[in-house]
Amino acid sequence: MPGVLKLEGTNIATGDGNGAVTINNATLGSAVTVPASVGGTEVLLEKYTANDSVTNKIFDLATFSETFNQYKLVLNKLIPTTDNRHISGRLGTATGSIQTNNYRMCRGHTYYSGSDQAGNSNFYSTDRFFLHTSLGSATGEGLSGEMFIFSPRNASTNTTTSCQTVGVYYDNSFEYQWCGSLNMNAQDDRAIQIIADSSSNLKSGTITLYGIRDA
């Protein structure tokens, strides 16, 4: 009858006769657009698991079939090979052309060691869009958090970023950090690099990249 969708046999979906459809035991493909009202705007693009083999991971946004105005990176217990090492981020027009200058990055942080504490400490940089310092290399240490990258594939505008991260230092102190950045070059930033500084590898942990569809 008109207005009724009824798919049976494979148990994908059944219509109730009133225009409503119930999904049963089905998986939506990545090309399906889900309304923002139900919270389905994030698309998983790639998950990287560190294994102590490289100093950095570069995501090439041009390799994905869909381009987004906003991307999200989730870092989960990302640990450097050795103690007291930094993890930072840079952008680039290609995987072989990472930009090492002309950023405007600022960050603030607060930390607590169990006895010592400090807050509202600021740092500024022109050579990266993100930085978290002095991370530990033991299990349970390292870096976790998320960062957003806005309009990196739009060559006519400047990429901006924001992040919130928590880090466990090599001396067991704990730090919460927030930061933001502006790429002074208006360009197509198709490459996103997360790097362990000071000749350290990314020992373990994961970095997950999502694209966020416009509502």
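These numbers were taken from a predicted model, which means no experiment stands behind them. (Residues numbered from 1 in each chain as written. Predicted model: local features only at pLDDT ≥ 70, side-chain atom pairs only at ≥ 80, totals over all residues. Heavy atoms only, no water.)

1. A look at the overall build of the chain
(1) Moving on: The helix and strand inventory of the chain stands at zero helices and 15 strands.
(2) Moving on: Residues counted as buried form 40% of the 215 residues belonging to the chain.
(3) Moving on: Look at the contacts in the chain between residues 6 or more apart in sequence, and 74% of them connect residues 24 or more apart.
(4) Moving on: For the chain, the exposed surface amounts to about 10,900 Å²; the carbon and sulfur share of it is 48%. (Helix = DSSP H or I, 4+ residues; strand = E, 2+ residues; numbered from the N terminus. Buried < 20%, exposed > 50% of the residue type's maximum accessible area, 1.4 Å probe, protein only. Contact = heavy atoms within 4.5 Å. Areas by Shrake-Rupley, 256 points an atom, 1.4 Å probe, with all protein chains shown as cover.)

2. Observations concerning the packing of aromatic side chains
(1) Moving on: On inspection of all chains with the given rule, the structure shows four aromatic pairs.
(2) Moving on: Summarising the aromatic geometry, the rings of Y111 and Y169 are spaced 6.4 Å apart at their centres and angled 35 degrees between planes, so their arrangement reads as tilted. Here Y111, found in strand β8 (residues 103–112), pairs with Y169, found in the loop between β12 (158–168) and β13 (174–186); they are 58 residues apart in sequence, far enough to count as distant.
(3) Moving on: In this structure Y111 comes out as partly exposed when scored by relative accessible area, which is 27%.
(4) Moving on: With a centroid separation of 6.4 Å and 20 degrees between ring planes, the pair formed by F148 and F150 is classed as stacked. (Phe/Tyr/Trp six-rings, centres within 6.5 Å; stacked < 30°, edge-to-face > 60°.)

3. Focus on the state of the cysteines
(1) Moving on: Counting across every chain of the model gives one disulfide.
(2) Moving on: The thiol sulfur of C106 is not disulfide-bonded, and the nearest other cysteine sulfur, from C179, lies at 7.9 Å. (Disulfide = S-S within 2.5 Å.)

4. Things to note about unusual backbone geometry
(1) Moving on: Residue D52 is not a glycine yet carries a positive backbone phi of 65 degrees.
(2) Moving on: Relative to the helices and strands, D52 resides in the loop between β3 (42–49) and β4 (56–60).
(3) Moving on: Overall, the relative accessible area of 35% leaves D52 in the partly exposed class.
(4) Moving on: You will see that N84, though not glycine, has its phi angle at about 60 degrees, which is positive.

5. Quick look at the sheet that holds β8
(1) Moving on: The strand order across the open sheet built from eight strands is β3-β15-β5-β11-β12-β13-β8-β9, with neighbouring strands paired in antiparallel fashion. Unpaired on one side and paired on the other, β3 and β9 (117–125) mark the two borders of the sheet. Shown here is a sheet whose adjacent strand axes are inclined to one another by a mean of 10 degrees, direction ignored.
(2) Moving on: When strand β5 (residues 70–80) meets strand β15 (residues 202–212), the two strands line up antiparallel, connected through nine bridges. (Pairing = 2+ DSSP bridges. Axes fitted to C-alpha atoms, helices over the stretch in contact; angles between N-to-C directions.)

6. As for the pattern of salt bridges
(1) Moving on: The full count for this structure, using the stated rule, is nine salt bridges.
(2) Moving on: Across the pair R190 and D60 runs a salt bridge whose closest N-O atoms are separated by 2.6 Å. Linking R190 in the loop between β13 and β14 (191–196) with D60 in strand β4, this pair joins segments that are 130 residues apart in sequence.
(3) Moving on: Residue classification places R190 among the partly exposed residues on the basis of a relative accessible area of 25%.
(4) Moving on: A residue is classified by how much of its surface remains accessible, and D60, at 13% relative accessible area, is buried. (Salt bridge = Lys/Arg side-chain N within 4 Å of Asp/Glu carboxyl O.)

7. Considering the pairing of β5
The two faces of the sheet receive side chains in turn, since in a regular strand these alternate between them.
(1) Moving on: Pairing geometry for β5 and strand β11 (residues 142–150), over seven bridges, is antiparallel. Directly across from L75, in β11, lies its bridge partner G145.

8. A closer look at the environment of F123
(1) Moving on: Tracing the sequence through the fold places F123 in strand β9.
(2) Moving on: In contact with F123, other than residues within four places in its own chain, are M105, C106, R107 and L131.

9. A word on the side chain of R213
(1) Moving on: Its location among the elements puts R213 in the segment after β15.
(2) Moving on: Take R213: its relative accessible area is 15%, and that puts it in the buried class.
(3) Moving on: At a separation of 3.0 Å, a polar atom in the side chain of R213 contacts the side chain of E66. (Polar contact = N/O pair within 3.5 Å; in protein donor to acceptor, adjacent residues only side chain to side chain.)

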